[in-house]
Amino acid sequence: MTGFWSLWTMWKKELRSYFVSPIAYVFSAVYLFVAGLFFYLGVTMTGEASMRVLLGNLAILQIFVLPMLTMRHFAEERRQGTLEMLMTAPIPLWAVVGGKWLASVTLCALILAGTGIFPMVLAYYGDPDWGLMFTSYLGLFLVSCSFCAAGLFSSSLIDDQMAAGLIGAVILLPFWLVGRANALLPDDWAAAIQPLSLLYHLDSFNRGVLDSVDLYYFFAFTGVFLFLTWRSLESRRWR
Amino acid sequence: MIEAIHISKSYGPRPALQDVSFTVERGEVVGFLGPNGAGKSTTMRILTGFLPATAGEARICGFDVFDQPMEVKRRVGYLPESPPLYPEFSVGDYLAFIAELRGFYGMERTRRVGRVMERVGLAGWEQRVLGSLSKGYRQRVGLAQALIHEPEVLILDEPTSGLDPTQVQGMRDLMRDLASTRTVILSTHVLAEVEAICPRAMIIAGGRLRASGTIRELQQQAPGGVWYRLEIAGADPREIGGLPGVTVVEPLGSADGFLQLRVRAASDPREALAQAAAARGWRLRALEERLPSLEEAFLGIVGRES
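What you see as residue numbers is a count from 1 along each chain, following the sequence as written. A letter from A marks each chain and a number from 1 marks each ligand, given out in the order of writing. pLDDT decides what is reported in this predicted model: residues at 70 or higher carry local features, side-chain atom pairs at 80 or more are listed and counted, and totals for whole chains, interfaces and linings draw on all residues regardless.

Draft legend 1. Region of interest: unusual backbone geometry. All names here are of chain B. Phi is positive for Asp19, close to 50°, though the residue is something other than glycine. Counting from the N terminus, the helices are DSSP H or I runs at least four residues long and the strands are E runs at least two residues long. The topology assignment puts Asp19 in strand β2 (residues 14-24). Phi at Cys61 is positive, roughly 50°, even though this residue is not glycine. With respect to the helices and strands, Cys61 occurs in the loop between β4 (55-60) and β5 (63-64).

Draft legend 2. Focus on the sheet that holds β4(B). All names here are of chain B. One requirement defines pairing of two strands: DSSP has to find at least two bridges between them. The four strands lie next to each other as β2-β1-β4-β5, forming an open sheet whose pairing is antiparallel. The open sheet terminates on both sides in strands that have one partner only, identified here as β2 and β5. As paired elements, strand β1 (residues 2-11) and β4 share five bridges and run antiparallel to each other. Across the sheet, the residue bridging to Ile2 is Ile60, located in β4.

Draft legend 3. Spatial organisation of the interface of chain A and chain B. By definition, residues are in contact whenever their C-beta atoms, placed on the basis of the backbone, come within 7 Å of each other. Facing the 21 residues of chain A at the interface are 24 residues of chain B. Secondary structure elements with two or more residues in the side of chain A that touches chain B: α1 (2-20) and α5 (82-87) of chain A. The element that contributes the greatest number of residues to the side of chain A that touches chain B is α1(A), accounting for seven residues. Considering only residue class, the side of chain A that touches chain B consists of seven nonpolar, nine polar and five charged. Under the grouping applied here, Gly and all other residues not named as nonpolar or charged are polar, the nonpolar ones being Ala, Val, Leu, Ile, Met, Phe, Trp, Tyr, Cys and Pro and the charged ones Asp, Glu, Lys and Arg.

Draft legend 4. Region of the structure containing the nonpolar core. Formed by 135 residues in total, the largest nonpolar core has its most connected members in A:Ala149, B:Tyr94, B:Leu95, B:Ala144, B:Ile155 and B:Ile203. The dominant element in this core, judged by the number of residues it contributes, is helix α8 (residues 130-157) of chain A, at ten residues. Setting aside chain neighbours within four positions, we find B:Leu95 in contact with B:Val113, B:Val116, B:Met117, B:Ala144, B:Gln145 and B:Ile148. In terms of nonpolar packing, the next biggest core, distinct from the first, is built from eight residues, B:Leu230, B:Ile232, B:Val263 and B:Leu273 among them. To count as a nonpolar core, a set of buried Ala, Val, Leu, Ile, Met, Phe, Trp, Tyr and Cys residues must be joined through C-beta atoms within 7 Å. With C-beta atoms placed from the backbone, the exposure class of a residue follows from how many other C-beta atoms lie within 10 Å of its own: 20 or more, buried; 12 or fewer, exposed; in between, partly exposed.

Draft legend 5. Region of interest: the sheet that holds strand β10 (residues 208-214) of chain B. All names here are of chain B. The strand order β6-β7-β8-β3-β9-β10 describes an open sheet built from six strands, whose pairing is mixed. With one partner strand each, in any of the chains shown, β6 (76-79) and β10 form the two edges of the open sheet. On average, each strand axis in the sheet is tilted by 15° relative to the strand beside it, whichever way the strands run. As defined by bridge partners, strand β3 (residues 29-33) adjoins strand β8 (residues 183-188) across five bridges and the pair is classed as parallel. Bridging from a neighbouring strand, Phe32 pairs with Ser187 of β8. Along the sheet, helix α1 (residues 40-47) makes contact with β3, β7 (153-157), β8 and β9 (200-205), crossing β7 at roughly 150°. Inter-axis angles, ranging from 0 to 180 degrees, are taken between N-to-C directions of lines fitted to C-alpha atoms, where helices are fitted over the stretch in contact. Its contacts with the sheet place helix α11 (residues 294-303) against β3, β9 and β10, and it is angled at close to 40° to β9.

In structure tokens:
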């Protein structure tokens, strides 16, 4: 039970960290600016009252920008010596990892909520498909959860923030690229590895389909990286 | 209260600690002395459960630091070498966070934060941002962080490093005050500090525990430890060398017809010397025990074997 209180404490502390430093503001501003650009281009080019182009592109953008949001987490704690304090406090390590992950996911959710202005614009001028809207947003949110987990993992690997950010993007890139594998590999090979791709699973959300396989994919992706983060922190004590 | 039993630690192939054993009893204040890189911080990190030992075991309040880390962490307050602060946080927010990590919420949290700030001399500093504090105040916040749960055991890694003399004095008073109710291990390379606040000290160098005991015992253990200064006239140094127990007699000089001698002996020879002087008609005008300063003892002990 104490574990859940520490999770709550860590979550509050990480959110405070985001909002007392410029990170949260700069990050949201840049993200929303780029989103606005995609929205404008998407709507004017396709002429559809849909968020398809916007949300698809945001997923790819996140490969590069979400690791910047998470890169500081463990890298910074280690540099300031606060990781030692957290690890000698009577709280389980999973609460530290979980609190950090929840805080970055919360920030992502807030930013996604900020893009809520676009559906309103669409609803004013056209007649968007709300079911599709909901599944696309859910898909993008699950992508954010997965990327935050992978970003935390890269941050646990190395003390240098920039390097952690780059490693985060490098970890995520293959999960994008295998979705384009048919350009390089024979068709049956490509078909075999494409289910590994984030975009492959995101695609059904963007078509308005909620398939449990896709949900499991994102849960597993997040779970595996949070587990690896926990193991990586644990194992660094032994060296 | 604190037991280290044959602890060794290697970082990769490099040994950092080799077979270190000691115990610290409840209510003791023990100074941990050693040159930089001697293994002081490593030992402390093992005691707090931050680092696992490669071999051996450590117990705090009877709990194994490796097998029962939560029990140990609840009972230990730890100040690492550089205070673990979040520079963008205010003093109040930071300590509130620490209090919650220690399981205090709501009113209890507020009460504890207020009390610990009072205690370390931070009252009225709630709003200050940690990143803007001077070294001395950062150290105080670090100490507040270690004290907020009123731990039975305090492990302080160089608590006075980087402080100015007034702050050092304040920190020592605070530690002496804490020592009355707690078990404290503090590391330092300032010898005066140990003399000022620690009745007992351990000297560690090259990853090994070289000596342990009260300050006086350390001075006696040091190579070339205790000697006796003698000013005498009418005596032959060889005769003094022949007295029971006396091992070495060295001339130091002479003044006003008196010979100054350095005498070493297996046990305190002063009484025997005085009796011999009375019996043989020597004129004895000075006979005193000399201990090396803690600094000399430290250098002697650390220099030994290295």
